[in-house]
Amino acid sequence: MADIYCSECKRPTEVVFDHSAGDTVCSECGLVLEAHSIDETSEWRTFANEVGDNDPVRVGGPNNPLLGDSGLSTVISKPNGSTGEYLNSSLGRWQTRGSNPDRSLIQAFKTIATMADRLGLVATIKDRANEIYKKVEDQKPLRGRNQDSILAACIYIACRQEDKPRTVKEICSVANGATKKEIGRAKEFIVKQLEIEMGQSMEMGTIHAGDFLRRFCSHLGMTNLAVKAAQEAVQKSEELDIRRSPISIAAAVIYIITQLSDDKKLLKDITLATGVAEGTIRNSYKDLYPYTSRIVPSWYATEDALRNLSSP
């Protein structure tokens, strides 16, 4: 452990390095000071006397059961000379003739991995998205369809199935130009294809407002106390008959909680963090306003503060 300045504790504190996640965490308040650090040390110790190119501590990628050769195909590397000399050589011709039949599948998996990394998704979601794409691709119905929207829809479905949902707007932000409408159509197409394959309806998991709340609060830089109050308010709001989407409910609850604190957030900032339009937040707030005394924790706001809350 070492001492690093913690912005939450306002002083140097001891930190712990989580090797599995690559996070540097404050040992006192638990704040993640640095995320996704790269461990550049060797995977294992080696006692070999050889030097140069014989170092065995760097190896190839893991097996991929979704590929025909499990991802263990042989590639003839290019020489130090020009590319033209390589292609005209016998080795180059054999490499071209024996090109990997899973080349398009590998490219799709790389695109999914890139989008998943940009969204900060865990490996299980990425693997699930790969499986979904492989099942649909095996049926060969993808010719002529927007590849980017198909891959984005696979990630959206995988997030739902792993109970870590993302909004369509969040998926759209990393989808290489695919629109919300295109991703929505691709999602319906994939679900239909998988239901035909399975012969039964496909479970995608239920979306709750709490699934998005903590991430939205983090984007807004809310305090831990405000986040805890928002979580309790969202849980109590599920008992009400509010005909609004979970994302809109989460945005409206955040607006209520921040208006009751000293650190008030502008409506446009909440819109930017949640992706919910200002008009939608206002309408959801209008529906929740009569129930504020029921959903807002009593330890967070007094009755006088609730009465002084601005009406919609």
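The coordinates are above.
None of the values given here were measured: they were computed from a predicted structure. (Residues numbered from 1 in each chain as written. Predicted model: local features only at pLDDT ≥ 70, side-chain atom pairs only at ≥ 80, totals over all residues. Heavy atoms only, no water.)

How would you summarise helix H11 (residues 267–274) if you had to cite specific residues and measurements?
Within H11, burial applies to Leu-267, Ile-270, Thr-271, Ala-273 and Thr-274. Projected onto a plane normal to the axis of H11, the buried residues spread over an arc of 170° and lie on a single side. Of the exposed residues in H11, the ones pointing more than 90 degrees away from its buried face are Lys-268 and Leu-272. Buried positions along H11 lie against helix H8 (210–220), helix H10 (246–259) and helix H12 (278–288). Just downstream of H11 lies Gly-275, where phi reads positive at about 80°. (Buried < 20%, exposed > 50% of the residue type's maximum accessible area, 1.4 Å probe, protein only. Helix = DSSP H or I, 4+ residues; strand = E, 2+ residues; numbered from the N terminus. Arc of directions from axis to C-beta. Contact = heavy atoms within 4.5 Å.)

Could you give an account of the environment of Phe-212, naming the residues involved and the relevant values?
In this fold, Phe-212 is placed in helix H8. Spatially, the C-alpha atoms of Phe-212 and Thr-167 are 8.3 Å apart, while their sequence positions differ by 45 residues. Beyond its immediate chain neighbours, meaning those up to four positions away, Phe-212 contacts Pro-165, Arg-166, Thr-167, Ile-207, Pro-246 and Ile-247.

Describe the layout of surface pockets, naming the residues involved and giving the relevant values.
Approximately 1,100 Å³ is the volume attributed to the largest pocket. Taken together, 29 residues line the largest pocket, and the ones lying closest to its centre are Val-32, Arg-214, Arg-215, Ser-218 and His-219. Elements that contribute at least two residues to the lining of the largest pocket include exactly H8 and helix H9 (224–237). Broken down by element, the lining of the largest pocket gets its largest block of residues, seven residues, from H8. (1 Å grid on protein atoms, 1.4 Å probe; cavity = no way out; pocket = protein on both sides within 12 Å on 5 of 7 lines; lining within 4 Å. Points joined across faces, edges and corners; volume = space filled by probe spheres on them.)

Describe the state of the cysteines, with residues and values.
Considering all chains together, one arrives at zero disulfides under this definition. Summary of cysteine pairing: Cys-9 is not part of a disulfide, and the nearest cysteine sulfur, belonging to Cys-29, is at 3.7 Å. Looking at Cys-9, the relative accessible area reads 21%, which means it is partly exposed. (Disulfide = S-S within 2.5 Å.)

Account for the nonpolar core, naming residues and giving values.
Membership of the largest hydrophobic core comes to 38 residues, with the highest contact counts inside it found for Ile-257, Leu-288 and Val-296. At the level of elements, H8, H9, H10, H11 and H12 are the ones that each hand at least two residues to this core. For this core, the leading source of residues is H10, giving nine residues. In this structure, Leu-288 is in contact with Ser-237, Leu-240, Ile-242, Ile-249, Ala-252, Val-253, Ile-256 and Ile-295, ignoring residues within four places of it in sequence. Membership of the second largest hydrophobic core comes to 35 residues, among which are Met-115, Ala-153, Ala-175 and Met-204. (Core = buried A, V, L, I, M, F, W, Y, C linked by side-chain atoms within 4.5 Å.)

Lay out the packing of aromatic side chains with the relevant residues and their values.
Throughout the structure, instances matching the rule amount to four aromatic pairs. For the ring pair Phe-212 and Phe-216, a centre distance of 6.0 Å and an interplane angle of 15° mean the geometry is stacked. In this pair, Phe-212 and Phe-216 both sit in helix H8, four residues apart, roughly one turn of the helix. In this pair, the class of Phe-212 matches that of Phe-216, namely buried. Ring geometry for Tyr-255 and Tyr-285: centres 5.1 Å apart, planes at 75°, overall edge-to-face. Here the residue Tyr-255 occupies a position in helix H10, and Tyr-285 occupies one in helix H12, the gap between them amounting to 30 residues. Using a relative accessible area of 16% as the deciding quantity, one classes Tyr-255 as buried. Among the aromatic residues, those joined into a cluster by ring pairs are Tyr-255, Tyr-285 and Tyr-289. One Lys or Arg, Lys-228, reaches over the ring of Trp-299 and ends 5.5 Å from the middle of that ring. (Phe/Tyr/Trp six-rings, centres within 6.5 Å; stacked < 30°, edge-to-face > 60°. Lys NZ or Arg CZ within 6 Å of the ring centre and 35° of its normal.)

Coordinates in, geometry out; function isn't part of it.
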